[in-house]
Amino acid sequence: MAVATTRAIALHGAVGHLIDVQVDVSPGMVTTIIVGRPDAALSEARDRCRMAIANSGFRWPTTRRTTILLSPADLPKRGTHFDLAVAVAVLAASVDPSEEAPIPTDDTVFIGELSLDGGLRPTAGVLPMTMAAAQRGVRRVFVPEPQAAEAALVPGMAVFGMRSLAQVVAELRGEPVPDAPPVPADSASTLLSWRGQDRLDEVDMADLVGAPDALYAATVAAAGGHHLLLTGAKGAGKTTLAERIPGILPDLAPDEALELTAVLSLSGALPPGGRLVRRPPYAAPHHNASATSILGGGSGRVRPGELSRAHHGVLFLDEFPLFASDVVEALRQPLESGDVTIARGEESATFPARGIVVLAANPCPCGAPSTGLGAARCSCDAVKVRAYDAKLKGPLADRVDIVREMQPPTVGLAGSVVTSAHLRSLVTAARARQQERYAGTGWRLNAHVPTSVLRDRWPLDETSRRTVEEAVAAGRLTRRGATRVHRMAWTLADLEARSGPTVDDVDTALRLRRGDPLALLPVERLLLDGPATTAEVAR
Amino acid sequence: MSDADRLARVALSHLAEPGDVRVLRLVRQLGATTVYEGLCAHGGLDAVLDGMPDGVSDGAGGAGVDLAVRLGAVRPEQRLEQARRAGIRFVVPGDAEWPTGLDDLADQPALHQRGEVPVGLWVRGPLRLDEVRTAVAVVGARRATTYGGSVAGDLGQDLGSEGWTVVSGAAFGIDQAAHRGALAAGGPTVAVLACGVDRAYPVRHSELLDQIGDQGAVVSEAPPGATPTRVRFLGRNRLIAGLARGTVVVEAAVRSGSLNTAGWAERLSRVVMGVPGPVTSALSQGVHELIRTRAGLLVTSGAEVREAVGESGEHLLAVPRAPLGPRDHLPIRHQQVLDAVPVSRGATVETISRGAGIGTKEAGTALGALARAGLIEQSGAGWRLSDAAWRADRAEERA
């Protein structure tokens, strides 16, 4: 048997390609070559595999010419996780049928890096690779033992967690599996583990007393996946509100959880044990962060950025006018499309980015309140303020759905405590209505539905449409703003458990978008009682 | 006041509509007992009125008929006792607790045919009405915005924390926000209702009304059990205005009940105030009209309300003004010279004097003074602005 084929996965961003690893062992000049556009790390697989095979008690074909082809050959491939597929293919190709049992490799994907003693080491991205394999109809996957739990998150996949090459070969041949020393988990995962996530479970919206306006805005944003811009002097509670938004989001649906866990797996941020991440994430990068860290990229393998790590959760950019201009500019497209594409040479990587983006800004760089009697006066330089204003009102702000100005809290009004649990129930109900409406379309939330589809299939009634048109004609609303108002009107209807948006919903959506005050009574009703219809039934 | 008078007033409170000018005026002129006994004896008021001098019965026509309709069912002692057991007291003019501010309602022309001093007030809660030292009514739209709600809450809180009493109507929107602000600050607050004080209207505010009943006072002219009718709200508004030294309207559309309250405050010569909003907001239109064409005083904070309503000379506020920049102290001709001094590269006295249009000699003197003030500095052979002056200018540009 001179030729054998195994399968591996090449990842480009979150997209996985099925790769055939073909090995030909035949007479000729004695050498080993790898073709099919490997990167430096993958080229070194030759040496790793050779020693791993030798140290596992197998024979490397030392007297013949070994050709390793990674096909499709024109696709660039990077990473060390091809080792296992290469080593197994070499062994399978060099089996002498008269002396040894064959090594069956069909319907199987191999993932893992080999060490010189034949041990199988963890590698980043096992979950998205397994997902890609499952999508291509592969039903078996061999992975390093510490990542078996991670791969097992993919339904319908038979996962074999192995410690060494010898164990893999024995398992393939159906022989008793030899013992091997345990493999340590990936060191990166503990370094980048999800710090602060536990703390977020302990904070509650009840801490925000007497800010019905901001609570309502947060609820709407959470219900429909809308982006939010919070302005206000320092100490107005912008951060307090933002870090409580994940708490009012429902648990992730199984497919959402898998997507997020795959992204975390790619960034090496998955907690050890590879459990499915069920709670919506929260990321709050500092304003010094680079475009690469927020959007994704990096040298070598393209890694997802904070924006993607907040997929289905909340990305909070505090003091967003202080972020570098290229970061702010680069956020424009993902905010519209819900994904990030990092193009580089002939390779482009796409990561999902459907988190709620919450921007916060002080009214000026120094953050002192600009109005009010006896208030601290702003002492900023005029030029700085102009630059700050330009960023604050720039194109990014136009892509935000909800604009709210927060006032520093006073004592708060008696008898109006709203808990996260209550708001979460409102958000969950509103999201359920959306999922019912968008079943089979691929969209989950109102914020995801494209403009044209929204207009055709879920239009506003005549009066509402005219209200929006008038606002556009009067220059109070941009075209982009009109779409956002339309989407938000649906969210408001969903929150109130109505069959469609009313003129009042459109008016409220306009107010949310323009930063105008809202009608107090409906806001308090929703926050304290929930949808009017159910409350009436209860009465 | 005698027991007979009190019982007669209890009976009349059940018989007459709150704020019915015809009846209340008769009560004030003839006395409650006379009116009530006349009613009992004759089944109507006509006989009572016959013996009176001219003028007393003006506008009282028909009042007797109205009263007689309910006459049979009233047992005043029993009603008073029932109320007492429910923790409700009945305060009448002449009682120590009677809020004398309401006496100003006597002989005021009616609004919507409502007016006059009530026969008495049903009160629930520990706050004594005569101890309502400095009260301010905070009223406004039921359909208020979050802006109005937060302003009313802040007003209530500021007044409450200063020990002032917040009077309002416990309605949705502005009213409840003002009450809640006062309660949050631990301040006294009075809710004046259009229905009986034992009823919660609106139903959603039953918890709020309980809290006011525990810490402040819930007041009504209508007897316990009375339902809130449209007309009773109009009568109620005059009591809100009458109990307070001043009335603040926070948000009101052009046709709003809170403007009716403001109208009463005007008639009673109390301070009428309005909190402005965006000129584009329909809910602030009524307030803006109040400020523009009527007696409304523009206020933006609790401190301003206290200044307007407090005893003259108390609670005075400092006038907000921008801090003076270094240029503001200079004589005008020195300012002219300073304007001509360049920012970066130094200029000679001659160049500066030409730029300022001032003689070289005077410019030289001015430059000396400016240098001593630290506004300019020597640069090579000439003068330029100092860093401090330049920074101050930039800051001013911002303001």
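About the criteria used
- Residues numbered from 1 in each chain as written.
- Chains lettered and ligands numbered in written order.
- Predicted model: local features only at pLDDT ≥ 70, side-chain atom pairs only at ≥ 80, totals over all residues.
- UniProt positions renumbered as here; feature names shortened; annotations may be inferred.
- Helix = DSSP H or I, 4+ residues; strand = E, 2+ residues; numbered from the N terminus.
- Buried ≥ 20, exposed ≤ 12 C-beta atoms within 10 Å, placed from the backbone.
- Pairing = 2+ DSSP bridges.
- Contact = placed C-beta atoms within 7 Å.
- Axes fitted to C-alpha atoms, helices over the stretch in contact; angles between N-to-C directions.
- Domains from an automatic or database assignment.
- Parallel < 35°, antiparallel > 145°, perpendicular 65-115°, else oblique.
- Nonpolar A, V, L, I, M, F, W, Y, C, P; charged D, E, K, R; others polar.

- The name given to chain B in an unreviewed UniProt entry is DNA-processing protein DprA, with the source organism recorded as Nocardioides imazamoxiresistens.
- Here is the UniProt Sequence similarities (unreviewed entry) comment for chain B, exactly as written: "Belongs to the DprA/Smf family."

- Chain A has the name YifB family Mg chelatase-like AAA ATPase in an unreviewed UniProt entry, where Nocardioides imazamoxiresistens is given as its organism.
- Regarding chain A, the relevant UniProt record gives this comment under Sequence similarities (unreviewed entry): "Belongs to the Mg-chelatase subunits D/I family. ComM subfamily."

## Focus on the overall build of chain A
Point 1. Counting secondary structure elements, chain A contains 24 helices and 18 strands.
Point 2. Expressed as lengths along the three principal axes of its C-alpha atoms, the size of chain A is roughly 90 × 55 × 40 Å.
Point 3. Expressed as a percentage of the 539 residues in chain A, the buried residues total 47%.

## Topic: the sheet that holds strand β4 (residues 165-168) of chain B
Residues and elements named next belong to chain B.
Point 1. Strand order in the open sheet made by the 9 strands is β1-β2-β6-β5-β4-β3-β7-β8-β9, with mixed pairing throughout. Of all strands in the sheet, those with a lone pairing partner are β1 (88-91) and β9 (297-298), marking the two edges.
Point 2. Judged from the 3 bridges that link them, β4 and strand β5 (residues 189-193) form a sheet pairing that is parallel. The residue bridging S168 from the neighbouring strand is A191, located in β5.
Point 3. The sheet strands contacting helix α13 (residues 302-309) are β3 (135-139), β7 (246-249), β8 (271-274) and β9, and the helix crosses β8 at an angle near 160°.

## Let's talk about the sheet that holds strand β11 (residues 282-283) of chain A
Sheet strands pair via backbone hydrogen bonds, and the direction of the pair is either parallel or antiparallel.
Residues and elements named next belong to chain A.
Point 1. Strand order in this open sheet of 5 strands is β11-β14-β17-β10-β18, and the pairing throughout is parallel. In this open sheet, the two strands that pair with only one neighbour each are β11 and β18 (402-405).
Point 2. Pairing of β11 with strand β14 (residues 314-317) involves 2 bridges; the strand directions are parallel. Bridging from a neighbouring strand, A283 pairs with L315 of β14.
Point 3. Here helix α9 (residues 212-224) sits on the sheet in contact with β10 (228-231), β17 (356-361) and β18, set at roughly 160° to β18.

## Structural notes on the domain arrangement of chain B
Often the size quoted for an interface is simply the accessible area lost on bringing the parts together.
Residue and element names in this part refer to chain B.
Point 1. When the domains of chain B are assigned, the result is domain 1 (1-84), domain 2 (86-309) and domain 3 (326-398).
Point 2. The partner domain 2 presents 25 residues to the 20 residues of domain 1 that form the contact.
Point 3. Mapped onto the side of domain 1 that touches domain 2, the elements with two or more residues apiece are α1 (3-15), α2 (21-30) and α6 (76-85).
Point 4. Of the residues forming the side of domain 1 that touches domain 2, the biggest block, 6 residues, is contributed by α1.

## Points about α13(B)
Point 1. For α13(B), every residue scored as buried is listed here: B:G302, B:E304, B:V305, B:R306 and B:V309.
Point 2. Elements in contact with the buried residues of α13(B): β3, α7 (146-161), β7 and β8 of chain B.

## Description of the UniProt feature "domain: Smf/DprA SLOG" (unreviewed entry) in chain B
Point 1. Per the UniProt record, the feature "domain: Smf/DprA SLOG" (unreviewed entry) sits at residues 90-302 of chain B.
Point 2. End-to-end, the C-alpha atoms of residues 90-302 of chain B are 32 Å apart, and along that stretch the chain is 35% helix and 16% strand.

## Comments concerning the pairing of strand β1 (residues 3-12) of chain A
Residues and elements named next belong to chain A.
Point 1. Counting buried positions along β1 yields 7 of 10 residues, so the element is predominantly enclosed.
Point 2. Strand direction decides the pairing type here: β1 and strand β2 (residues 15-26), joined by 10 bridges, are antiparallel. Residue H12 lies in a different strand from β2, and its bridge partner there is V15.
Point 3. Connecting β1 to the antiparallel partner β2 that follows it, the hairpin turn spans 2 residues, and G13 within it adopts a positive phi of roughly 65°.

## Re the packing of helix α15 (residues 349-356) of chain B against helix α16 (residues 360-372) of chain B
All names here are of chain B.
Point 1. α16 packs onto α15 with a crossing angle of 105° between their chain directions and a minimal axis gap of 9 Å. Relative to α16, α15 is oriented roughly perpendicular. Contacts between α15 and α16 involve V349, E350, I352, S353 and A356 on the former and, on the latter, T360, A363, G364 and L367.
Point 2. Of the residues belonging to the contact of α15 with α16, the class tally is 5 nonpolar, 3 polar and 1 charged.

## So, the domain arrangement of chain A
All names here are of chain A.
Point 1. If you check the domain split of chain A, you get domain 1 (2-173) and domain 2 (195-538).
Point 2. Computed over C-alpha atoms, the centres of domain 1 and domain 2 are 44 Å apart.
Point 3. Elements supplying a minimum of two residues to the side of domain 1 that touches domain 2: α4 (126-135) and α5 (148-151).
Point 4. With 4 residues, the single largest contributor to the side of domain 1 that touches domain 2 is α4.
Point 5. For the side of domain 1 that touches domain 2, a count of residues per class yields 10 nonpolar, 5 polar and 2 charged.

## Topic: unusual backbone geometry
Point 1. In this chain, A:S71 is followed by A:P72 through a cis amide linkage whose omega measures 5°.
Point 2. Mapped onto the secondary structure, A:P72 falls in the loop between β4 (65-71) and α3 (83-93).
Point 3. The peptide bond linking B:Y201 to B:P202 adopts the cis configuration, its omega dihedral lying at -5°.
Point 4. If you trace the backbone, B:P202 turns up in the loop between β5 and α9 (206-215).
Point 5. For A:E319, which is not glycine, the phi dihedral falls at a positive 55°.
Point 6. Positionally, A:E319 belongs in the loop between β14 and α14 (325-330).
Point 7. Within the chain, B:A170 stands out as a residue other than glycine whose phi angle is a positive 60°.
Point 8. On the secondary structure map, B:A170 appears in the loop between β4 and α8 (174-184).

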